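Listed below are the residues making up each chain.
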Amino acid sequence: MWPTRELFTAGLLAYALAMAGGLAGHASKRTASWITSLLCLLSLAGALLEFGASAGVLFGGAESQWVLSSGVPYLSYSVRLDPLAAFFGLALSLLAASVSIYSLGYIAHSAARRSPELFCFFLNLLLLSLTLVFTASNVLFFLIVWELMAVAAYFLVVFDHESAEARKGGLLYFLMSRGGTGMLLVGFLLLATAAGSLEFSALHDAGQQLSPALGATAFLLLFLGFGAKAGIIPLHIWLPAAHPVAPSNISALMSGIVIKAGIYGMARVFFDFYGTLSVWAGMTVLVIGVVSALLGVLYALMEHDLKRLLAYHSIENIGIILMGFGSALLFRSFGHPQLAALALIAGLFHTLNHAVFKCLLFLGAGGVLHATGTRNMEELGGLIRRMPSTALYFLIGAIAISGLPPLNGFVSEWFTYQALLAGFGATPTLTRLAFPVAGALLALTAALAAACFVKAFGITFLALPRSEAAERAREVPFSMRSAMAILAVTCLVLGLGAAWFLPVFDPITTRAFGIAASKDLAANGLILTAGSLRSGSVSPAMIAALLIGLGAVPLLLLVLWGRKSSRTTGPAWDCGLAGLTAQNEFTATAFSKPLRMIFGALFRPRREIQAEYEVSPYYPKAIHFESEIEPTFETHFYRPLQHGILWIATRMRRLQQGSIHLYLLYVFVTLILLLLFGVRG
Amino acid sequence: MTERILALLAQIAIVLFLSPLITGFSRTLKARLQMRRGAGILQPYRDIHKLLRKGMVIPETASWIFSATPYVLFVTTLLAGLLIPTVSAQAPLSLYGGVLAVVYLLALGRFFLALGGLDTGSSFGGLGSSREMTISAIAEPALMLAIFTVALSAGSTNLSVVAQASLGQSWRFLAPQQMLAFAALFIVLIAETGRIPVDNPATHLELTMIHEAMILEYSGPYLALIEWSAAMKQLVLMTLLVNVFFPFGLSIGWSFATLLGLGLFSLKLLLLAAAVVLVETTNAKMRLFRVPELLAVAFVLSATALISTFLF
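Residues numbered from 1 in each chain as written. Chains lettered and ligands numbered in written order. Predicted model: local features only at pLDDT ≥ 70, side-chain atom pairs only at ≥ 80, totals over all residues.

This part is about the overall build of chain B. Within chain B one finds eleven helices and one strand. Taken over the C-alpha trace, chain B has a radius of gyration of 19 Å; the compact-globule value for 312 residues is 20 Å, and the two agree within 12%. With respect to the three principal axes, the spread of C-alpha positions in chain B is 55 × 45 × 40 Å. Counting every position in chain B, which comprises 312 residues, the buried fraction comes to 63%. Relative to all contacts within chain B whose residues are 6 or more apart in sequence, the contacts with residues 24 or more apart total 79%. (Helix = DSSP H or I, 4+ residues; strand = E, 2+ residues; numbered from the N terminus. Rg over C-alpha atoms; globule rule 2.2 N^0.38 Å. Buried ≥ 20, exposed ≤ 12 C-beta atoms within 10 Å, placed from the backbone. Contact = placed C-beta atoms within 7 Å.)

Bringing the overall build of chain A into the picture now. Helix and strand counts for chain A come out as 29 helices and eight strands. The C-alpha radius of gyration computed for chain A amounts to 26 Å, which stays within 12% of the reference 26 Å derived for 681 residues, consistent with globular compactness. Dimensions of chain A, computed from the C-alpha atoms along their principal axes, are close to 95 × 70 × 60 Å. With 681 residues in all, chain A has 56% of them scored as buried. Looking at chain A alone, contacts between residues at least 24 apart form 78% of all its contacts between residues at least 6 apart.

This part covers the domain arrangement of chain A. Structurally, chain A comprises domain 1 (1-175 + 237-270), domain 2 (600-630) and domain 3 (634-680). Computed over C-alpha atoms only, the centres of domain 1 of chain A and domain 2 of chain A are separated by 46 Å. (Domains from an automatic or database assignment.)

Turning to the interface of chain A and chain B, a few remarks are in order. Interface size, as often reported, equals the accessible area lost upon joining of the parts. Each partner contributes residues to the interface: chain A has 72 residues there, and chain B has 73 residues. Considered class by class, the residues forming the side of chain A that touches chain B number 50 nonpolar, 16 polar and six charged. Pairing geometry for strand β6 (residues 567-570) of chain A and strand β1 (residues 56-59) of chain B, over four bridges, is parallel. Bridging from a neighbouring strand, G570(A) pairs with P59(B) of β1(B). (Nonpolar A, V, L, I, M, F, W, Y, C, P; charged D, E, K, R; others polar. Pairing = 2+ DSSP bridges.)

On to the sheet that holds strand β5 (residues 537-538) of chain A, then. Residue and element names in this part refer to chain A. Ordered by their spatial adjacency, three strands build an open sheet running β3-β4-β5, and the pairing between neighbours is antiparallel. At either margin of the open sheet sits one strand with a lone partner, and together these are β3 (522-523) and β5. As defined by bridge partners, β3 adjoins strand β4 (residues 527-529) across two bridges and the pair is classed as antiparallel. Counterpart to A522 in the pairing with β4 is L528.

Next up on the list: unusual backbone geometry. Here the bond from I233(A) into P234(A) is cis, since omega is 15°, no more than 30 degrees from zero. Looking at the element boundaries, P234(A) is found in the loop between α8 (212-230) and α9 (238-242). The omega torsion across I196(B) and P197(B) is 15°, close enough to zero to call that bond cis. Here P197(B) is to be found in the loop between α7 (176-192) and α8 (211-214). Positive phi is not limited to glycine here, since Y74(A) has a value of about 70°. Locating Y74(A) in the fold gives a position in the loop between β1 (64-69) and β2 (76-81). Positive phi values are uncommon outside glycine, yet M35(B) reaches one of about 60°. Mapping M35(B) onto the fold places it in the loop between α1 (2-33) and α2 (43-53). Residue class for M35(B) comes out exposed when judged on the 6 C-beta atoms lying within 10 Å of it.

Glancing now at the packing of helix α9 (residues 220-245) of chain B against helix α10 (residues 257-282) of chain B. Residue and element names in this part refer to chain B. At a closest axis distance of 10 Å, the pairing of α9 and α10 adopts a crossing angle of 110°. Our classification of the angle between α9 and α10 gives roughly perpendicular. The hand of the α9/α10 crossing is right-handed. In contact with M238, L241 and V242 of α9, α10 contributes K268, L269, L272 and A273. Of the residues belonging to the contact of α9 with α10, the class tally is six nonpolar, no polar and one charged. (Axes fitted to C-alpha atoms, helices over the stretch in contact; angles between N-to-C directions. Parallel < 35°, antiparallel > 145°, perpendicular 65-115°, else oblique. Left-handed = near helix turned anticlockwise from the far one by under 90°.)

L126(A), M149(A), L342(A), L360(A), A450(A), L83(B) and A184(B) are the most contacted members of the largest nonpolar core, which totals 371 residues. Of the residues forming this core, the biggest block, 23 residues, is contributed by helix α13 (residues 337-372) of chain A. When near neighbours in sequence (up to four residues on either side) are disregarded, L126(A) contacts M149(A), A152(A), A153(A), L156(A) and L253(A). (Core = buried A, V, L, I, M, F, W, Y, C linked by C-beta atoms within 7 Å.)

Residues and elements named next belong to chain B. In this model α7 runs 24 Å from its N-terminal to its C-terminal C-alpha over 17 residues, within 8% of the 24 Å that 1.5 Å per residue would give. Most of α7 is tucked away, with 13 of its 17 residues classed as buried. Within two residues after α7, G194 carries a phi angle of roughly 65°, on the positive side. (Expected span 1.5 Å × (residues − 1).)

Once that is clear, we can look at the confidence of the model for chain A. With 100% of its residues at a pLDDT of 70 or more, chain A shows a mean pLDDT of 90. Mean pLDDT values over the elements of chain A span from 81, in strand β8 (residues 620-628) of chain A, up to 96, in helix α15 (residues 388-401) of chain A. (pLDDT = per-residue confidence, 0-100.)

Below, the discussion takes up the environment of K29(A). For K29(A), the position within the fold is in the loop between α1 (4-28) and α2 (33-60). For K29(A), a count of 8 C-beta atoms within 10 Å gives the class exposed.

Moving on to the confidence of the model for chain B. Per-residue confidence for chain B averages 90 on the pLDDT scale, and 99% of its residues sit at or above 70. Predicted complex, confidence summary: ipTM 0.95, pTM 0.94.

Residues and elements named next belong to chain A. Within the element layout of this structure, G531 appears in the loop between β4 and β5. The exposure class assigned to G531 is partly exposed, which follows from the 18 C-beta atoms found within 10 Å. Sequence spacing of G531 and T374 is 157 residues, and the spatial spacing of their C-alpha atoms is 47 Å.

This part is about the pairing of β2(A). Residue and element names in this part refer to chain A. Most of β2 sits out of view: five of its six residues are buried. In this sheet, β2 lies alongside β1 in antiparallel orientation, the contact comprising six bridges. Across the sheet, the residue bridging to V67 is S78, located in β2. Linking β1 to β2, which pair antiparallel, is a turn of six residues; within it G71 sits at a positive phi near 90°.

This brings us to the packing of α1(B) against helix α3 (residues 64-83) of chain B. Residue and element names in this part refer to chain B. Running from N to C, α1 and α3 cross one another at 125°; their axes reach a closest spacing of 9 Å. As judged from the angle between their axes, α1 and α3 are oblique. When you trace α1 past α3, the crossing you get is right-handed. Across from L8, Q11, I12 and V15 in α1, the residues of α3 making contact are L78, G81 and L82. Its residues assigned to classes, the contact of α1 with α3 shows five nonpolar, two polar and no charged.

This is the structure in structure tokens:
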């Protein structure tokens, strides 16, 4: 018997120990680098133990659950390690392990160095609360650890509290998180009243016991509440504000796994708490997924702040995940459990894949920030010569996130395509047209993502350095490189060995739809199929092997013909102009210009050019160029909302007269009203 | 087993050695239509032969990406060519990847080519990369939707299955959704292979270049590999069009009938190439920002194709 419970508890203890050590170290006011290293190693130990626990559940079927009563009514510390929880736990522990290793070298050079022990305290609090978020199985307990996670993440985001940008991003995150929790609370209570219990085990299929109107309300509240955490459009505005300003190891965790807590919540609600839903529910999720994916990548393209660009890509990938979830919901409504399993696997697989490559990319961006001190791509360039390992790992992450074969991003996007294609045959109604159109927009999203990462990698790492800081950049320490290496190898393994990994999803789909899909989705020779070999198949492992094998052809050509050809290094031709400098290079802004023009209706770009000249405008001395795009959601959605709230607040102020008698009257009137309400009910 | 290996080798030979012929034919036909003599159908072979023996200059600003790009591009394009049925309905490797893998392998090659353009630091390289990624991105929805239409009627993304399905009913290309999807894919073909009115492969003016701007700094054997890849990519996309929509002459297995199939296949390719050349000679190159409108037309065509599957 696999000691799931023991490993899980030991992992939590390791995190808790690191928290205690962090607090003690902070209180003693003696900063020593060995203490920080020890704390990071403790988190690493915790992550490895949790990895063992999750792997035991997923690969060994060693599920576990237990309940500790709290003495407080309704609240119990119930913990349940079921397959869905273990799947997210697996992603979390993988990321936690790499981030712990990364932090060994990173903390001493980042904003965290001012009080590294306190930083480790919050980091471990975040890991601990995340572990519990995925496993808590009582509504109140879940909400408590959910809030702990939000608070820990908030303090980590604003750790560099001297920067106004960080404070502002943190506040926005905190507000959105509050709003989300509010919706969650109401949604959960609606479900709990139907089930008559706050335990998750009792909530299974509770959505069915509510009246259609209440069931729909609870569904929407929970979707939006979890969506605010996941960063669906239009609740996404905190991601690009908060993720880039956090220390990079925290950005990696935020984009990699904290937003996945929202996805976990959705999976729990959609496929555990609700048995079947009407078509509109799945359609809402699918449409929000498509919109988030497309707008996320379009805004990412306009960014030249490396970390903000990555944050926008998180919105895009959450959208792709929701395309899978939305299709799964629709297929379940149409009565096609087989297809629903395929779509759910697509969504969950993309969740794991995105966690891995986004963490890798943020750690890479952190390395760049560490080496150059800037996130602005227009000041970078030429880093591939100065930081060859970081560049290689970032390139692997870039290929994976662009969904290119044979890495893991391709596999989950391929499954998403197949799910969408299969959707066309799932229903005879007009709804079927939504699936191929969503597929086409997914194709657009993926192609734009590739364009964006050509820009991100090309401008940051290739050609000539655009600033002195980039010129002087040095490779990052070994610990940071090895963390990236682990994640890069994971991208490769999850891509090539996807067929071996699929059985992990069997217990999850069995619980949700009563179907173990992995044997239909894989064939011998590491081939992935869309239900059957006939309906379509792909083999990333064979593609990789063939790409290497076919490499013999061009090599042979060069050896046979090009034997005598010489190979010299010289200045770039550059159309015959001598003296190529960094000023000649294409910039990130210029790279995305065609798309800014094509999607001008969305971006509403504004630009201002001022030229200073003495004699003639054709011989300018200096040119000042400014360009910006309109933040559509901020201007057209959040600003009116903010004005509305302020307007109501100003009116409400009249209630507050500062007189205790008046307040007592309010209390009294409320009491009477409640009593009347109670008597009537 | 031996038969499969022979089929694989045969297909490698077809993709490698037929592709420059199509390019040569297009150029010659275009020259004739413009009242020029042209350099001859075999000129692309001579170009590749010559370039492979020449020396090359690697820009000192470039990194290993610049040198890896020609190999990646060549290998990904060649592999894409092995996943689609050419003379036999049974492509040798179709089990390892269907039409999605073909599209994404070409995208992987393009990803590296665009990086190669940026790697030298020359402004024209970046300009080409930016435009190439933009145009391929906005061509993608039309391409995918048209492919979906075809895949949906065959019930598979495996190209061998799709080809066999259309082989069963040879006159199906007259169905409205097939004709509309073909029209959409034809526009995408022009955009993806960089032909007038989207891009002019013969231009000398760097500012108007797209594909050529990215590869300005390449020379010698690397340039040969890139030029050859461009020819192969054109062959792959054209094969996709002719064999999915007009599967006449495709043999079922690999036998002597495939030799006859090779003749018919080449004929179909030459006809399609001639159609592209006709479009090229009768149109002027568009401004870059008019290209999205053309691709929007392709998208509408494929969307209509999809809706007509629903109706018929």
